[in-house]
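Architecture at a glance
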Amino acid sequence: MAEPLKPEGPEGEGRRRSGPPPGGLTVPGEGRRRQSKQSHSGHRMSTGGGARGATTNTGIRRARIQYENTYRTEPMAKFRSDLAYGIIEELFERKLKGVKYDPKQCQDTAKTLAAEIRTKVKELKYDRYKCVVVVTIGQRQDSELVLASRCLLDTKWDTFATYNFENYDIFATGIVYAFFFE
Amino acid sequence: MAQESTFVVEEVSNIIKESVEGVIGGGSYQPNKVAQWTSNIVEQCLNQLTALKKPFKYIVNCIIMQKTGAGLHTASSCFWDNTTDGSCTVRWENKTMYCIVSVFGLSM
């Protein structure tokens, strides 16, 4: 029978976790915060005050770093969509060659492909660019499909790249959108 | 005027549903009209999103697929600011076709 580490006290501790939280030292306010949700005795513990705030193990408050304005309204280098096209093409050719459609596997493949494309686009290290990657994989089975996409963007700096792939059993489309963060 | 500049999923979801219902609401799959439908859906979505007058850039994706038992998977991966940016995907279907609309909103 698991015993709570601390005996029940007047604060209405009730059910407590039987061990310290996995992070190591207990944050002083945390335990109290949890109890206030579970105590039925009508003991209203204040959840504000000391329980808030991110206190690390050493007790130092982690400050949010604020950066100075760069006053730069335009990127230093415009995003090159042909590089993104090359990335998608290379990944699709390598990962989808000879792949047969399988519902569970294709689900995972689509997710991993999207994540990998995003990682590679990030490696291009374009400053202040946000990117969205969409991968669609479908089964070739005599059906028709139309995929349309439209964006509201700044044509000067924002762009996109699309690649279509087909083999005997599946088709796949990869789209990368790169938007400058003003 | 301080406007809420976070992506509100519910609001966008309603916009998408209205657009889809408005364009292909009661119809059945017609190959010659599909291209026009997808264009109309994305245009309507985009117009209504712009009317919200939020400081956002939008991406609207629409897939219309005929129902023949074939499978389809869509995945997306985004590098953005989680606190302000978001996405919303709506799946709609009737007896003859599926329609999947995704909207991504990136704050400026």
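Structure: see above.
Below or above, wherever it landed, is the structure these notes cover. Here the residue index of a chain counts from 1 through its sequence in written order. Chains carry letters from A onward and ligands carry numbers from 1 onward, assigned in written order. Selection of residues for local features in this predicted model requires a pLDDT of at least 70, selection of side-chain atom pairs for listing and counting requires 80 or more, and totals for whole chains, interfaces and linings are taken over all residues. Hydrogen atoms and water are omitted, and side-chain values are computed over all heavy atoms in the structure.

Let us look at the overall build of chain A. Counting secondary structure elements, chain A contains three helices and four strands. Starting at the N terminus, the α and β elements of chain A follow one another as α-α-α-β-β-β-β. When the 182 residues of chain A are sorted by exposure, 32% land in the buried category. Excluding contacts between residues fewer than 6 apart, the proportion of contacts in chain A whose partners are at least 24 apart in sequence is 68%. Using a 1.4 Å probe, the Shrake-Rupley method yields the accessible areas, and only the shown protein chains count as cover for residues. Summing over all exposed atoms, chain A offers an accessible surface of approximately 12,500 Å²; the carbon and sulfur share of this is 50%. Only DSSP runs of H or I with at least four residues qualify as helices, and only runs of E with at least two residues qualify as strands; both kinds are numbered from the N terminus onward. Think of it in three bands: residues with accessible area under 20% of the maximum for their type are buried, residues over 50% are exposed, and the middle band is partly exposed, with areas taken using a 1.4 Å probe on protein chains only. Any two residues whose heavy atoms approach within 4.5 Å are treated as being in contact.

Our focus in this paragraph is the sheet that holds strand S3 (residues 159–166) of chain A. Taken in spatial order, the four strands line up as S3(A)-S4(A)-S1(A)-S2(B) in an open sheet, and their pairing is antiparallel. The strands lining the two open edges of the sheet, one partner per strand, are S3 of chain A together with strand S2 (72–79) of chain B. Averaged over neighbouring strand pairs, the angle between their axes works out to 10° when direction is ignored. When DSSP finds two or more bridges between a pair of strands, those strands are recorded as paired. Pairing of S3(A) with strand S4 (residues 170–180) of chain A involves eight bridges; the strand directions are antiparallel. Looking across to S4(A), one finds that Asn164(A) is bridged to Thr173(A). Axis definition: a line fitted to C-alpha atoms, limited for helices to the stretch in contact. Angles are taken between N-to-C directions and run from 0 to 180 degrees. Strands in contact with helix H2 (residues 81–96) of chain A are strand S1 (129–139), S3 and S4 of chain A; relative to S3(A), the strand with the most contacts, it is inclined by about 25°. Sheet strands in contact with helix H3 (residues 103–123) of chain A are S1 and S4 of chain A together with S2 of chain B, and its direction is about 25° off that of S2(B).

Contact residues are listed per partner, giving 40 residues for chain B and 42 residues for chain A. For the pair chain B and chain A, the two sides together bury roughly 3,400 Å², of which 57% comes from carbon and sulfur. Per-residue buried area on chain B facing chain A is highest for Lys57(B), His73(B) and Phe79(B); these three make up 22% of the total on that side. By definition, a salt bridge exists where a carboxyl oxygen of Asp or Glu is found within 4 Å of a side-chain nitrogen of Lys or Arg. The interface formed by chain B and chain A holds three salt bridges in total. Among the salt bridges present, the one from Arg150(A) reaches Glu43(B), with a minimum N-O distance of 2.4 Å. By buried area we mean how much accessible surface two parts lose on assembly, using a 1.4 Å probe and totalling the loss over both.

This part covers the sheet that holds strand S3 (residues 86–93) of chain B. The strand order across the open sheet formed by four strands is S2(A)-S1(B)-S4(B)-S3(B), and the pairing between neighbours is antiparallel. The open sheet terminates on both sides in strands that have one partner only, identified here as strand S2 (145–152) of chain A together with S3 of chain B. Direction aside, neighbouring strands of the sheet carry axes that sit 10° apart on average. In the packing of helix H1 (residues 9–24) of chain B onto the sheet, the strands contacted are strand S1 (56–66), S3 and strand S4 (97–107) of chain B, and the crossing angle to S3(B) comes to about 35°. The sheet contacts of helix H2 (residues 31–51) of chain B involve S2 of chain A together with S1 and S4 of chain B, and relative to S1(B) the element is tilted by about 155°.

What follows deals with the packing of H1(B) against H2(B). Residue and element names in this part refer to chain B. At a minimum axis separation of 9 Å, H1 and H2 run at an interaxial angle of 145°. Where H1 crosses over H2, the handedness of that crossing is right-handed. Facing H1, whose interface residues are Val12, Ile15, Ile16, Glu18, Ser19, Val20, Val23 and Ile24, H2 presents Trp37, Asn40, Ile41, Gln44, Cys45, Gln48 and Leu49. Note: crossing handedness is left-handed where the near helix turns anticlockwise from the far helix by less than a right angle, and right-handed where it turns clockwise.

The description of an aromatic ring pair rests on the distance of the ring centres and on the angle between the ring planes. Residue and element names in this part refer to chain A. Side-chain rings of Phe, Tyr and Trp, where Trp is taken by its six-membered ring, are said to pair if the distance between their centres is within 6.5 Å; with planes under 30 degrees apart they count as stacked, over 60 as edge-to-face, and otherwise as tilted. Enumeration over the complete set of coordinates arrives at eleven aromatic pairs over all chains. The interplanar angle of 50° and the centroid separation of 4.9 Å between the aromatic rings of Phe79 and Tyr126 together place this pair among those described as tilted. Of this pair, Phe79 sits in the loop between helix H1 (28–38) and H2 while Tyr126 is found in the loop between H3 and S1, placing the two residues 47 residues apart along the sequence. Classification of Phe79 by relative accessible area gives buried; the value is 6%. Aromatic side chains Phe160 and Tyr177 sit 6.4 Å apart centroid to centroid with 45° between the ring planes, which places their arrangement in the tilted category.

Let us now look at unusual backbone geometry. Despite not being glycine, Arg128(A) has its phi angle at roughly 60°, a positive value. Topologically, Arg128(A) is positioned in the loop between H3 and S1. According to the relative accessible area criterion, Arg128(A) is partly exposed, its value standing at 27%. Positioned with a positive phi, Lys53(B) is a non-glycine residue whose angle comes to about 55°. Positionally, Lys53(B) belongs in the loop between H2 and S1. On the basis of relative accessibility, which here comes to 63%, the residue Lys53(B) falls in the exposed class.

Moving on, we get to the side chain of Ser102(B). Inspection of the secondary structure assignment puts Ser102(B) in strand S4. Excluding residues that lie within four positions of it along the chain, Ser102(B) makes contacts with Ile59(B), Val60(B), Asn61(B), Cys88(B) and Thr89(B).

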